[in-house]
Amino acid sequence: MIRSRRKTLGLEITRDCRVVVRAPMRLPEARIQAFVDSHRDWIAKHLERQRQRASALPPPPTAEEIELLKARARTVLPPKVACWSERMGVTPAGLRITTARRRYGSCSGKNRLCFSCFLMACPEEAIELVVVHELCHIREKNHGPRFYALLEQYLPDWRERKKLLSMDFG
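Next up on the list: the sheet that holds strand β5 (residues 105-107). Two pairing modes exist for strands in a sheet, parallel and antiparallel, and in both the strands are linked by backbone hydrogen bonds. With mixed pairing, the 3 strands of this open sheet are ordered in space as β4-β6-β5. A single partner strand is all that each edge strand has here, and the edge strands are β4 (94-98) and β5. Here the strands of the sheet are splayed against their neighbours by 15° on average, with no regard to which way each runs. Where β4 meets strand β6 (residues 112-116), 5 bridges bridge the pair, whose relative direction is parallel. Pairing of Leu-95 across the sheet is with Leu-113, part of β6. Contacts from helix α4 (residues 124-139) reach β5 and β6, with the element oriented near 15° to β5.

Set out below in structure tokens:
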């Protein structure tokens, strides 16, 4: 259970199949327990769904596999970023390779690009999409209409490419 300054009760099933209850600071334990009891069916259903997802995932990559992905990323990504940067007329302030598991790329407010080494497990078209997507953030910091117009200008097929992305890594 996590207590915070929130005003409502909430339930969450984590990736590792834990049930997390979020509750207001001063809410009595009895009210929290009643809430959990009233959601037993929901909890059981979603726990089972998460267990099935977890069992369908491949085993997490070994440290050796991660190092190989990082090495490939350091070879593949800098030339792609350089090529697209020139084509788009933008200049990133830096490029880092990370082991992020929840996102393939990011662009900081200071135009520093980060790419997950797990991007290397995706097809070439998907890698290119993530590179162009992050470079678009140098001009447009959000995902508003101007951002997508810019992305569409450089990759008209970005929606098809996006379907090639998969976050199924342990």
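A separate point is the packing of aromatic side chains. Each aromatic ring pair is specified by the distance between its two centres and by the angle formed by the two planes. The full count for this structure, using the stated rule, is 2 aromatic pairs. Ring centres of Phe-147 and Tyr-148 lie 5.0 Å apart, and the angle between their planes is 90°; on these two criteria the pair is classed as edge-to-face. Connected via pairs of aromatic rings, a cluster forms that spans Phe-147, Tyr-148 and Trp-158.

Here we take up the nonpolar core. Residues Leu-77, Phe-115, Leu-119 and Leu-135 are the most contacted members of the largest nonpolar core, which totals 34 residues. Elements with a contribution of two residues or more to this core: α3 (63-88), β6, α4 and α5 (145-154). Counting residues per element, this core draws most heavily on α4, which supplies 9 residues. If we skip the residues at most four places from it in the chain, Leu-77 touches Ile-97, Phe-115, Leu-119, Met-120, Ile-127 and Val-131. Grouped together as the second largest cluster of nonpolar side chains are 8 residues, Val-21, Ala-23, Ile-43 and Leu-47 included.

On to the sheet that holds strand β1 (residues 2-4). Taken together, the 3 strands give an open sheet; going across it, the order is β1-β3-β2, and neighbouring strands pair in mixed fashion. At either end of the open sheet lies a strand with only one pairing partner, and these are β1 and β2 (10-13). Put simply, the sheet's adjacent strands are angled 20° from each other on average, direction ignored. Alignment of β2 against strand β3 (residues 19-24), held across 4 bridges, turns out to be antiparallel.

Two side chains bearing opposite charge may form a pair once their charged atoms approach each other closely. Under the criterion given, the structure shown has 11 salt bridges. For Arg-18, the salt bridge goes to Asp-16, with nearest N and O atoms at 3.1 Å. The partner of Glu-67 in a salt bridge is Lys-70, with the nearest N and O atoms 3.7 Å apart. Here Lys-70 and Glu-67 lie together in helix α3, a separation of 3 residues that amounts to about one turn. For Glu-67, a relative accessible area of 43% gives the class partly exposed. Taken together, the shared-partner salt bridges connect Glu-128, Asp-157 and Arg-161 into one network.

Time to look at the layout of surface pockets. The volume enclosed by the largest pocket comes to roughly 470 Å³. Every residue lining the largest pocket is counted, 22 residues in all, and those nearest its centre are Gly-105, Val-130, His-133, Glu-134 and His-143. No other element matches α4, which puts 5 residues into the lining of the largest pocket. When grouped by side-chain class, the residues that make up the lining of the largest pocket number 9 nonpolar, 9 polar and 4 charged.

In this fold, Leu-11 is placed in strand β2. Leu-11 sits 124 residues away from Leu-135 along the chain, and the two C-alpha atoms are 37 Å apart.

What follows is about the pairing of β6. Buried residues dominate β6, accounting for 4 of its 5 residues. Strand direction decides the pairing type here: β5 and β6, joined by 3 bridges, are antiparallel. Following the sheet pairing, Gly-105 is matched in β6 by Phe-115. Linking two consecutive strands that pair antiparallel, namely β5 and β6, is a turn of 4 residues; a positive phi of about 65° is found at Asn-111 within it.

About the cut-offs
- Residues numbered from 1 in each chain as written.
- Predicted model: local features only at pLDDT ≥ 70, side-chain atom pairs only at ≥ 80, totals over all residues.
- Heavy atoms only, no water.
- Pairing = 2+ DSSP bridges.
- Helix = DSSP H or I, 4+ residues; strand = E, 2+ residues; numbered from the N terminus.
- Axes fitted to C-alpha atoms, helices over the stretch in contact; angles between N-to-C directions.
- Contact = heavy atoms within 4.5 Å.
- Phe/Tyr/Trp six-rings, centres within 6.5 Å; stacked < 30°, edge-to-face > 60°.
- Core = buried A, V, L, I, M, F, W, Y, C linked by side-chain atoms within 4.5 Å.
- Buried < 20%, exposed > 50% of the residue type's maximum accessible area, 1.4 Å probe, protein only.
- Salt bridge = Lys/Arg side-chain N within 4 Å of Asp/Glu carboxyl O.
- 1 Å grid on protein atoms, 1.4 Å probe; cavity = no way out; pocket = protein on both sides within 12 Å on 5 of 7 lines; lining within 4 Å.
- Points joined across faces, edges and corners; volume = space filled by probe spheres on them.
- Nonpolar A, V, L, I, M, F, W, Y, C, P; charged D, E, K, R; others polar.

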